[in-house]
Amino acid sequence: DLAALPRVDEKVAAKVGRLADELASLRRLAATGADAVALLRHVRDVTGLGTAMTMLDSTGAEGSSHLDDLDALVEVAALHPDPADLERWVLDALRRADPPPAVTCSTVHRVKGLEWPYVAVAGVADGLLPHRLADDEEEERRILHVAITRSRQATVVLADRSRPSPFVAELDGSAPHDRPAGHDRAGAPGPGGVAGRLGAAAAPAGRAGAGTAGAGAKAAPKAAMGPYVAGVPGLQVTLAGGYAGTVVAVGADGVAVDVGAGAKVHAKWGEKVRVAAGDATLLAPAEAALRSWRTDRAKRDGVAPFIVFHDATLRAIAAAGPTSLEQLRGVSGVGPTKLDLYGDEVLEALAGAADVALPSTGG
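No experiment lies behind these values; they were computed from the predicted model shown. (Residues numbered from 1 in each chain as written. Predicted model: local features only at pLDDT ≥ 70, side-chain atom pairs only at ≥ 80, totals over all residues. Heavy atoms only, no water.)

Focus on the overall build of the protein
How we decide: In DSSP terms, a helix is any run of H or I states spanning at least four residues, a strand is any run of E spanning at least two, and both are numbered starting from the N terminus. Using a 1.4 Å probe on the protein chains alone, a residue whose accessible area is under 20% of its type maximum counts as buried, one over 50% counts as exposed, and one in between counts as partly exposed. Whether two residues touch is decided by their heavy atoms; if any such pair falls within 4.5 Å, the residues are in contact. For accessible areas, the Shrake-Rupley method is used with a probe of radius 1.4 Å. Any residue's cover is judged against the shown protein chains and nothing else.
Across its full length, the protein carries 13 helices and nine strands. Counting across all 363 residues of the protein, residues that qualify as buried make up 40%. Intrachain contacts of the protein at a sequence separation of at least 6 include 60% that bridge at least 24 residues. Here the protein has roughly 19600 Å² of accessible surface; of this, 57% comes from carbon and sulfur atoms.

Given below as structure tokens:
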């Protein structure tokens, strides 16, 4: 009974009030006709349940896979998107005593040394492979190698388009080729880019490469955005086609680059450019500042960057340019819990966005 809130402890009342707000936002989303996947993602990403589960998992307590279970439920929901019937469908499937002949489902650790004609490797997402709680990225790379080499004819890798594993880029050849050999992204010993062991073994003779199931299959999802640079006046860049010059103006959709002799070339946000530090993706200053902040915050919390905010949410925040917590609250993807956790830091990052000018390798 929310009417009773003033009679309870102030902190408790505030928490119950936030819960009521979150339930109301979920109800509004359901009223729009959202399917089970959208509703579960809202619970995980917007209300902050995913963040809470990550913090619980990071304690190392027995059974610390709460977020994995929630992610799995989101994937299962795609098979039965009707929210009203999802619970019944899941319970019926779990209670089935004698299931009909079907595919073999297993964890990667239990299939070492086994083979099948066809294999689908699910869950190749950032936070799962490499796992957010793992300390040894090279060991995580070996685990994926075991998974993709269990087939005799074809292997299909299934990745979440919103947060594909960085290993996907090593499989499809889009990973940077200039990473220092012998070091992984965390600085620990490991292969670099497609020259590493995973890339070299991704498509053994007689097997389709990961992310394919024979001719005509769709390409694997592209990797998440890597090194980036904020497009600010004075930045020296080389654009596609070899045009080199200086950023002289910033607009809503990109920058104007003075390439000499009075000529200016327009470069859009998201384009690949070359700067002094190497190849980078050109971002609006606000988004670059938010990515830099997210990387630092994720490291402090010991979580994957997407747990803090998804890329789409960062872009929405950057586009909205909020200057107050109330304005930030109105951005899609920013629920009450995340507003409490990150609101002040997000506004601080936006306020300093004009000072972000150097390339960085944010998450």
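Considering the packing of aromatic side chains
Here the distance between the centres and the angle between the planes together describe a pair of aromatic rings. Formally: Geometry of aromatic contacts follows a simple scheme: Phe, Tyr and Trp rings, the Trp one being its six-membered ring, pair when their centres are within 6.5 Å, and the pair is stacked under 30 degrees between planes, edge-to-face over 60, tilted otherwise.
Under the counting rule described, the total for this entry stands at three aromatic pairs. Pairing Trp293 with Phe309 gives two aromatic rings, centres 6.2 Å apart and planes at 45°, and the pair type is tilted. Of this pair, Trp293 sits in helix α9 (residues 285-301) while Phe309 sits in the loop between α10 (305-308) and α11 (311-320), and the two are 16 residues apart along the sequence. For the residue pair Trp293 and Phe309, the accessibility class agrees, reading buried in each case. When the ring of Phe309 is compared with that of Tyr342, the centres are 5.5 Å apart and the planes differ by 65°; the resulting orientation is edge-to-face.

So, the nonpolar core
Condition: Working definition of a nonpolar core: buried Ala, Val, Leu, Ile, Met, Phe, Trp, Tyr and Cys residues. They are joined through side-chain atoms within 4.5 Å.
The biggest cluster of nonpolar side chains holds 26 residues, and the ones touching the most others in it are Leu290, Phe309, Ile317 and Val346. Contributions of two or more residues to this core are made by α4 (66-77), α9, α10, α11 and α13 (336-351). With residues up to four places along the chain from it excluded, the contact list for Val346 reads Leu290, Trp293, Phe309, Ile317 and Leu328.

Quick notes on the side chain of Thr313
Relative to the assigned elements, Thr313 resides in helix α11. Discounting chain neighbours no more than four positions away, the residues touching Thr313 are Ser332, Gly333 and Val334.

Section: the pattern of salt bridges
Two side chains carrying opposite charge are able to pair once their charged atoms lie near each other. Worth spelling out the cut-off: Only one rule defines a salt bridge in this text: a Lys or Arg side-chain nitrogen within 4 Å of an Asp or Glu carboxyl oxygen.
What the rule picks out here adds up to 14 salt bridges. Between Glu139 and Arg142 there is a salt bridge, with the nearest N and O atoms lying 2.9 Å from each other. With a gap of three residues between them, Glu139 and Arg142 both fall in helix α6 (residues 137-148), about one helical turn apart. A residue is classified by how much of its surface remains accessible, and Arg142, at 39% relative accessible area, is partly exposed.

A look at the side chain of Arg297
Formally: Under the rule applied, a polar contact is a pair of N or O atoms within 3.5 Å (in protein, one hydrogen donor and one hydrogen acceptor; residues adjacent in sequence only if both atoms are side-chain atoms).
Here Arg297 lies in helix α9. Judged by relative accessible area, Arg297 falls into the buried class, the value being 9%. At 2.8 Å, the side chain of Arg297 forms a polar contact with the side chain of Asp301. One polar contact links Arg297 to Glu345, side chain to side chain, over a distance of 2.9 Å. If sequence neighbours within four positions are ignored, Arg297 has contacts with Val308, Leu341, Tyr342 and Glu345.

Details of α4
Structurally, the α-helix is built with 3.6 residues per turn, so residues lying three or four positions apart point the same way. Rules: A helix's residues, less one, multiplied by 1.5 Å, set its expected span.
Here α4 is twelve residues long and its end C-alpha atoms lie 17 Å apart, about the 16 Å a rise of 1.5 Å per residue gives. Of all the residues in α4, the buried ones are Leu67, Asp68, Leu70, Asp71, Val74 and Ala77.

Describing the pairing of strand β7 (residues 263-268)
Threshold: Whether two strands pair comes down to DSSP finding at least two bridges between them.
Two elements, strand β6 (residues 254-260) and β7, share six bridges in a ladder whose sense is antiparallel. What sits directly across from Val257, in β7, is Val265. If you look at the hairpin formed by β6 and β7, you'll find two residues sitting between the two strands, and Ala261 has a positive phi there, around 55°.

Points about unusual backbone geometry
The omega torsion across Leu129 and Pro130 is -5°, close enough to zero to call that bond cis. Relative to the helices and strands, Pro130 is located in the loop between β1 (116-121) and α6.

Observations regarding the packing of α9 against α13
So the rule is basically this: Only the stretch in contact is used when fitting a helix axis, every axis being a line fitted to C-alpha atoms; angles between N-to-C directions are given from 0 to 180 degrees. Every angle not falling under 35 degrees, over 145, or within 65 to 115 is termed oblique; those three ranges are roughly parallel, roughly antiparallel and roughly perpendicular. Helix crossings are classified by the rotation of the near helix relative to the far one: an anticlockwise turn of less than a right angle makes the crossing left-handed, while a clockwise turn makes it right-handed. Residue classes follow a fixed rule: Ala, Val, Leu, Ile, Met, Phe, Trp, Tyr, Cys and Pro count as nonpolar, while Asp, Glu, Lys and Arg count as charged, and any other residue, Gly among them, counts as polar.
At a closest axis distance of 9 Å, the pairing of α9 and α13 adopts a crossing angle of 140°. Judged by the angle between their axes, α9 and α13 are oblique. Once α9 is placed against α13, the crossing between them reads as right-handed. In contact with Ala286, Ala289, Leu290, Trp293, Arg297, Arg300 and Asp301 of α9, α13 contributes Leu341, Tyr342, Glu345, Val346, Ala349 and Leu350. Within the contact of α9 with α13, the residues separate by chemical class into nine nonpolar, no polar and four charged.

Description of a nonpolar patch on the surface
Stated precisely, the cut-off is as follows: What goes into a patch is any residue over 30% in relative accessible area without a salt bridge, connected to like charges within 9 Å or, for nonpolar side chains (Val, Leu, Ile, Met, Phe, Trp, Tyr), within 5 Å.
Nonpolar side chains collect at one region of the surface, where Leu73, Val76 and Leu79 lie side by side and expose about 250 Å² of accessible area between them. Mapped onto the elements, Val76 comes out in helix α4. On the basis of relative accessibility, which here comes to 31%, the residue Val76 falls in the partly exposed class.

Structural notes on the environment of His310
Within the element layout of this structure, His310 appears in the loop between α10 and α11. Overall, His310 belongs to the buried group, its relative accessible area being 13%. For the pair His310 and Ser162, spaced 148 residues apart in the sequence, the C-alpha separation amounts to 7.8 Å. Among residues more than four places away in sequence, those in contact with His310 are Arg44, Asp45, Ser162, Arg163 and Arg294.

Notes on the packing of helix α2 (residues 36-46) against α4
Two quantities define a packed helix pair, namely the angle between the axes and the distance from one axis to the other. Close contact between α2 and α4 brings their axes to 8 Å; oriented N to C, the two are set at 160°. On the basis of their axis angle, the class for α2 and α4 is roughly antiparallel. Judged by the sense of rotation from one axis to the other, the crossing of α2 with α4 is left-handed. Counted together, Ala36, Val37, Leu40, Arg41 and Arg44 of α2 and Leu67, Leu70, Asp71, Leu73, Val74 and Ala77 of α4 form the full contact between these two elements. Within the contact of α2 with α4, the residues separate by chemical class into eight nonpolar, no polar and three charged.

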